[in-house]
Each structure stands twice: as structure tokens, then as C-alpha cells.
Amino acid sequence: MADTKKIVVVNAGPRKGWNTDTLLTEASKGAEDAGASVTRFDLFKLERYTGCISCFGCKREKFKGHCVCCDGLTPVLDAIRESDGLIIGSPNYLSEMTASFRALYERLIFQNLTYNVENPCCNEREIPVLLIMTSNAPDTAYRNLVENYRQTLSRFVGPCKSFISGNTLQLNDYSKTDWPWSMFDPEDKKIRHEKIFPEECKAIFELGKELAG
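Quick caveat, the model's predicted, so the values are computed rather than measured. (Residues numbered from 1 in each chain as written. Predicted model: local features only at pLDDT ≥ 70, side-chain atom pairs only at ≥ 80, totals over all residues. Heavy atoms only, no water.)

Tell me about the packing of aromatic side chains, and name the residues and values.
For any pair of aromatic rings, the description consists of the separation of the ring centres together with the inter-plane angle of the planes. Applying the stated criterion across every chain yields a total of 7 aromatic pairs. Aromatic ring contacts, followed pair by pair, group Phe 56, Phe 110 and Tyr 115 into a single cluster. Directly above the aromatic system of Trp 18 lies the positively charged group of Arg 15, at a separation of 4.4 Å from the ring centroid. Residue placement shows Lys 59 over the ring face of Phe 110; its charged tip is 3.8 Å from the ring centre. (Phe/Tyr/Trp six-rings, centres within 6.5 Å; stacked < 30°, edge-to-face > 60°. Lys NZ or Arg CZ within 6 Å of the ring centre and 35° of its normal.)

Right under this line is the structure:
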């Protein structure tokens, strides 16, 4: 009997029950449907942590592939290192992933970067990655951003697939804001959330299942 695969799910968004959280939950269900066990981390709930502090401890032979900075991200990095797959999601803030995502991303990638031309990556066990980004901008707005992340994750962690959910619904009732959010069409967003977002949830369920299969 095959060992149960271990999938790590990381939420780099702060809002419970909203777009990023929902898609990650569906991806987790897909992984579980494939028979995997899922361990989830919500970065906004962890103890204090930082991005890479440039200590270069991970460049020493005895620590290669291991970030030596000990803080709230340490158990996340340890779990990813021992996992069979990583699902990570972030909303887009100001044309980038969240600062929480960036902190983990820096530490996850830099620990495997050797600065050696012949062998630039010291990761000895690739794990598949599913990268999810949500955004209130159109799906096409940040394709290049996500593709850059996908390529780097593929190079230093394992083969990565990406999924973008755009034009997301941000609020249940836009009329309750203190000033008009005239940049958006609230009705259009609501219709999309009711008709298209459920289909995206189905698609991400299948991607989660595929990653754990």
C-alpha cells in the first residue's frame, strides 16, 4: 500500500471566507479527495516572522537547503521540505503578492540558491507546486507577474502550475463604503462571483487533486 502523500497548503491572505481562502480550501479538498493528508498554514496567524535577513547561513554546507533563521516561518519551511506537494495562494496587493507571501517566498527560494554556475540549486527533492493568485483586476492584468513566480518556483522547489482568479468580489455590499468606488462595477463583480467563481472553485479542486495524485 502506497504511503499517504503529505500536502502543505499556505494561505498568504488575511481574509477568512473570501476569494483566496475559498480557493485554497477547494484545492485542499481536491488533494484530500486524491487520498492525501493536508497541513495548512495561515501566514497572518503565525508568530512574528520576517523575510530573508541575508545571514547566508543556508550557504554553509551543513545547512544547505535549510533556512537557519528561527521564527514563525520555520515550521512552515520545515513542513514544505518534508511534503509531497505545496499549494500556496495570495491576493494581489498593489500589483504584487502580499508581504506575507514575499517573506515566505524569499526564505523558500534563497535557501536552495547556491550561487554556483554548475549547480545553481541545491534542492535534492523536487515537490510539485500549485500557485494561486486572486485579484480585483482582470485575469490578464498580472500574468507576467505570476509567470515569473511560477518559473522561479519550478526552478528551486519543483514543477509549478499557476491559477489566477481576476475581477474578484471584494465586498458583499459596495454601497456601504464611505465614498463611491467608481473604479469598479459592483453588479458586474457580483454576477461574476455568482457565475464564474464557482466554476473556478471546481477547476482548483481538480488541480489540487491532480497535484496530490
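Would you mind going over the packing of helix H1 (residues 19-33) against helix H6 (residues 197-212) in detail, with residue names and values included?
Direction vectors running N to C along H1 and H6 enclose 40°, while the axes themselves pass 6 Å from each other. Taken together, the axis directions place H1 and H6 in an arrangement best described as oblique. H6 is crossed by H1, and the crossing has right-handed handedness. Contacts from Asn 19, Thr 22, Leu 23, Glu 26, Ala 27, Lys 29, Gly 30, Ala 31 and Asp 33 in H1 reach Phe 197, Glu 200, Cys 201, Ile 204, Phe 205, Gly 208, Lys 209 and Ala 212 in H6. Within the contact of H1 with H6, the residues separate by chemical class into 8 nonpolar, 4 polar and 5 charged. (Axes fitted to C-alpha atoms, helices over the stretch in contact; angles between N-to-C directions. Helix = DSSP H or I, 4+ residues; strand = E, 2+ residues; numbered from the N terminus. Parallel < 35°, antiparallel > 145°, perpendicular 65-115°, else oblique. Left-handed = near helix turned anticlockwise from the far one by under 90°. Contact = heavy atoms within 4.5 Å. Nonpolar A, V, L, I, M, F, W, Y, C, P; charged D, E, K, R; others polar.)

Please set out the nonpolar core residue by residue, giving values where relevant.
Where a protein is soluble and globular, its nonpolar side chains tend to be buried together. Ranked by internal contacts, the top residues of the largest apolar core, which has 34 residues, are Leu 86, Leu 104, Leu 131 and Leu 153. Those elements that provide at least two residues to this core are strand E1 (6-11), helix H2 (74-81), strand E3 (85-93), helix H3 (99-110), strand E5 (129-134), helix H4 (143-156) and strand E6 (160-165). Those residues in contact with Leu 86 that lie beyond four places of it in its chain are Val 8, Val 10, Ile 80, Leu 108, Ile 127, Pro 128, Val 129, Leu 130 and Leu 211. (Core = buried A, V, L, I, M, F, W, Y, C linked by side-chain atoms within 4.5 Å. Buried < 20%, exposed > 50% of the residue type's maximum accessible area, 1.4 Å probe, protein only.)

I'd like to hear about the pairing of E1, residue by residue, with values.
Across the 6 residues that make up E1, a large majority, 5, are buried. In this sheet, strand E2 (residues 37-42) lies alongside E1 in parallel orientation, the contact comprising 6 bridges. Bridge assignment links Ile 7 to a residue of E2, and that residue is Val 38. Bridge count between E1 and E3: 5 bridges; the pairing is parallel. Paired with Val 8 across the strands is Leu 86, a residue of E3. (Pairing = 2+ DSSP bridges.)

Let's hear about the environment of Cys 67: which residues, and what values?
The topology assignment puts Cys 67 in the loop between E2 and H2. Considering only alpha carbons, one finds Cys 67 and Cys 52, 15 residues apart in sequence, at a separation of 8.7 Å. Ignoring anything within four residues of it in the chain, the contact list for Cys 67 reads Leu 77, Arg 81, Arg 107 and Gln 111.

Help me get a handle on the pattern of salt bridges, residues and values and all.
Inspection of every chain in the model, using the stated rule, returns 15 salt bridges. Salt-bridge contacts for Lys 209 lead to Asp 33; the nearest nitrogen and oxygen are separated by 3.1 Å. Here the residue Lys 209 occupies a position in helix H6, and Asp 33 occupies one in helix H1, the gap between them amounting to 176 residues. Looking at Lys 209, the relative accessible area reads 33%, which means it is partly exposed. (Salt bridge = Lys/Arg side-chain N within 4 Å of Asp/Glu carboxyl O.)

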